[in-house]
Amino acid sequence: MRLVVVRTGGLAGMRRTWSSEVSSEEAEERWLPLLQDPPESRASGNDRFTYEISVGQKAVTIPEQSLQGSWRELVDRAQEGSSRQARRA
């Protein structure tokens, strides 16, 4: 199953995308339940990042202030997967 994180915003308005393949078991146990209950979106300030996170067909968008705990782990997982793919290329 594909885990994709798209970060937008920031001072320059840059868009970054990271992705990783995860097993169906990992997706079902760790990531899909997280997407079922996203954090409440608090008002974000100027120049803040927004993260669109998708696992398979399910997607949520959260502000950078909510990127803590399991959400941070999820983004780190996508970034690590992208790094491994880049090293292989």
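Trainee: I'd like to hear about the packing of aromatic side chains, residue by residue, with values.
Mentor: Scanning the entire structure with this criterion turns up zero aromatic pairs. In this structure, R7 packs its charged tip against the face of F49, placed 4.1 Å from the ring centre.

Trainee: Go over the pattern of salt bridges with me, naming the residues and quoting the values.
Mentor: Scanning all chains against the criterion turns up five salt bridges. As a salt-bridge pair, R30 and E73 come within 2.4 Å of each other at their nearest N and O atoms. Placement of R30 in helix α1 (residues 24-36) and of E73 in helix α2 (residues 70-88) is noted, with a sequence separation of 43 residues between them. For E73, a relative accessible area of 39% gives the class partly exposed. For E64, the salt bridge goes to R48, with nearest N and O atoms at 3.8 Å. Placement of the pair is E64 in the loop between β4 (58-63) and α2 and R48 in the loop between α1 and β3 (49-55), with a sequence separation of 16 residues. Look at E64 and you get partly exposed, because its relative accessible area is 26%.

Trainee: Now, about the pairing of β3: what can you tell me, with residues and values included?
Mentor: Looking along a regular strand, one sees side chains alternate from face to face of the sheet. Of the pairings in the sheet, the one linking strand β1 (residues 2-9) to β3 comprises seven bridges and is antiparallel in character. The residue of β3 that forms the bridge with V6 is E52. The sheet contact formed by β3 and β4 spans six bridges and is antiparallel. Paired with T50 across the bridge in β4 is P63.

Trainee: Could you give me a rundown of the sheet that holds β4, with the residues and numbers involved?
Mentor: Taken together, the four strands give an open sheet; going across it, the order is β2-β1-β3-β4, and neighbouring strands pair in antiparallel fashion. Each edge of the open sheet is held by one strand with a lone partner, namely β2 (16-21) and β4. Sheet twist, expressed as the average angle between the axes of neighbouring strands with direction ignored, equals 15°.

Trainee: I'd like a rundown of the side chain of R7, residues and numbers included.
Mentor: Checked against the element boundaries, R7 lands in strand β1. E64 provides the closest opposite charge to the buried, unpaired R7, separated from it by 7.4 Å.

Trainee: Give a detailed account of the environment of E80, specifying residues and quantitative values.
Mentor: Topologically, E80 is positioned in helix α2. For the pair E80 and W18, spaced 62 residues apart in the sequence, the C-alpha separation amounts to 8.4 Å.

Cut-offs applied
Residues numbered from 1 in each chain as written. Predicted model: local features only at pLDDT ≥ 70, side-chain atom pairs only at ≥ 80, totals over all residues. Heavy atoms only, no water. Phe/Tyr/Trp six-rings, centres within 6.5 Å; stacked < 30°, edge-to-face > 60°. Lys NZ or Arg CZ within 6 Å of the ring centre and 35° of its normal. Salt bridge = Lys/Arg side-chain N within 4 Å of Asp/Glu carboxyl O. Helix = DSSP H or I, 4+ residues; strand = E, 2+ residues; numbered from the N terminus. Buried < 20%, exposed > 50% of the residue type's maximum accessible area, 1.4 Å probe, protein only. Pairing = 2+ DSSP bridges. Axes fitted to C-alpha atoms, helices over the stretch in contact; angles between N-to-C directions. Lys, Arg positive; Asp, Glu negative; His and termini not counted.

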